[in-house]
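Report on the structure
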Amino acid sequence: MSLSTRPQIVQAQGSPSSRILATGHVRGSRVVSNEEMCTMIDSTPEWIEQRTGIKERRWATEEETPRSMAVEAGRKALAKLGLSGSDVDAVICATVSHHRPSPSLATYVAHDLGAFTAAAFDTNAACAGFCYSLNLADAMIRNGSAATVLVIGVEKLSEMINIADRGTAFLFSDGAGAAVVGRSESVGVGPAVWGTASDQVETIEIEDWSQVAGHPEQNHPLIAMDGRAVYKWAMTTVTAKAAEAIEKAGITPADLDVFIPHQANDRITDALLRHLKLPESVTVCHDIADMGNTSAASIPIAIDRMLERGQAHSGDLALIIGFGAGLVYAGQVIVLP
Ligand SMILES: CC(C)(COP(=O)(O)OP(=O)(O)OC[C@H]1O[C@@H](n2cnc3c(N)ncnc32)[C@H](O)[C@@H]1OP(=O)(O)O)[C@@H](O)C(=O)NCCC(=O)NCCS
């Protein structure tokens, strides 16, 4: 059969654009202050706050699992639209905290939400996980393979803290942030700028289970990080990529209303702000102060909390950018729900 007589495959027709329609979040219920943290590590509350901007963090209880937190955040986001799980075509969980290799966390979450036939899978792009997944959701909606996608960033990092490492133990926290992404006539998710600096792949790592097996007192793989290297990389690569995301969206920094970088460290946020020369009119997210660093969950949690507190508003143009282990990054300009 010649090529011209072969049956032609039909391409699905998607929506011209997508946007985040609603968000929801949940935070670990145990408040852990810097004072309490300093009963566990050799540090001072002042040192931690001055180096990171963190005053307190949220740790999940034993009952609060990545699955339960993801489901709660997802349910809250769907409820704002009067939707339920059965309205969802795909569930994507961005996480490094799901310790079962298979099936994915997203399949459990889809089950619990009643999204019984939805496509479901996890992404592992560490602290860039939400932005990576939002890029996928946007593409899925535009290529017609889904109309409504639930993207959930969820982490329970308190289980993976190396309490013997006073250089990292105070950073990490637990929670989930969900976004319902759906069809839109106008562009609500700008082009993603994403990639890796894989020459620095060992800068932040979580152990594998074979390493845990050698330490019977340890229940989970632990996080190890060269904090200084992350900081230096963020100052160069992440700042450049953030600027590129603004440019690719076809706007200027003065057009932005809100800047919501991954809540890794307030000093990194401040430096990004200086490098990007964002005008003072841009509201900058400092959710880390009473939340700590929740990796893939930090951006959706921050979006939802800023909207709740009136620090950001529906229709605002926001620059989001995630960065972390890999080293990976992804950022885009979005319209807030
Ligand atoms: C983690 C971070 C706050 C540490 O700050 P830093 O200034 O780089 O700290 P260093 O590890 O270089 O240590 C500096 C000094 O503080 C000390 N120190 C480290 N942790 C400390 C703590 N918890 N309390 C008090 N002193 C501490 C070190 O021993 C060192 O002392 P020395 O100079 O006498 O040797 C910083 O590297 C950082 O913010 N990195 C980015 C990490 C990040 O955001 N990761 C998330 C990415 S997703």
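Residues numbered from 1 in each chain as written. Predicted model: local features only at pLDDT ≥ 70, side-chain atom pairs only at ≥ 80, totals over all residues.

**A look at the site of the ligand**
The environment of the ligand is made up of 20 residues, and the closest members are Ser43, Gly227, Ala264, Asn265 and Gly324. Broken down by secondary-structure element, the contributors of at least two residues to the shell around the ligand are helix H2 (45–52), helix H7 (227–248) and helix H8 (266–276). At four residues, the largest contribution of residues to the shell around the ligand is made by H7. The residue makeup of the shell around the ligand includes at least three contributed by each of domain 1 (17–184) and domain 2 (193–335). (Near = placed C-beta within 6 Å. Helix = DSSP H or I, 4+ residues; strand = E, 2+ residues; numbered from the N terminus. Domains from an automatic or database assignment.)

**Overview of the packing of helix H3 (residues 66–79) against helix H4 (residues 105–113)**
Where H3 meets H4, the closest approach of the two axes is 9 Å, and the angle between their N-to-C directions is 50 degrees. Classified by the angle their axes make, H3 and H4 are oblique. Considering how the two elements wind past one another, H3 and H4 form a crossing that is right-handed. Across the interface between the two elements, Pro66, Arg67, Ala70, Val71, Gly74 and Arg75 from H3 touch Leu105, Tyr108, Val109, Asp112 and Leu113 from H4. For the contact of H3 with H4, the class distribution of residues is seven nonpolar, one polar and three charged. (Axes fitted to C-alpha atoms, helices over the stretch in contact; angles between N-to-C directions. Parallel < 35°, antiparallel > 145°, perpendicular 65-115°, else oblique. Left-handed = near helix turned anticlockwise from the far one by under 90°. Contact = placed C-beta atoms within 7 Å. Nonpolar A, V, L, I, M, F, W, Y, C, P; charged D, E, K, R; others polar.)

**Comments concerning the sheet that holds strand S4 (residues 90–94)**
The strands making up a sheet associate through backbone hydrogen bonding, with each pair oriented either parallel or antiparallel. Read from one edge to the other, the open sheet built from five strands follows the order S1-S7-S6-S4-S5, with strand pairing classed as mixed. With partners counted over all chains shown, the strands left at the sheet margins are strand S1 (17–27) and strand S5 (119–123), one partner each. Here the average twist between neighbouring strands, direction ignored, is 20 degrees. Sheet topology note: the S1/strand S7 (residues 174–184) ladder contains ten bridges and is antiparallel. In the strand pairing of S7, Ile20 is matched with Val181. Sheet strands touched by H4: S4, S5 and strand S6 (148–156). Its angle to S4, the strand with the most contacts, is close to 130 degrees. Those strands touched by helix H5 (residues 129–142) are S1, S4, S5, S6 and S7, and its axis lies near 170 degrees from that of S6. (Pairing = 2+ DSSP bridges.)

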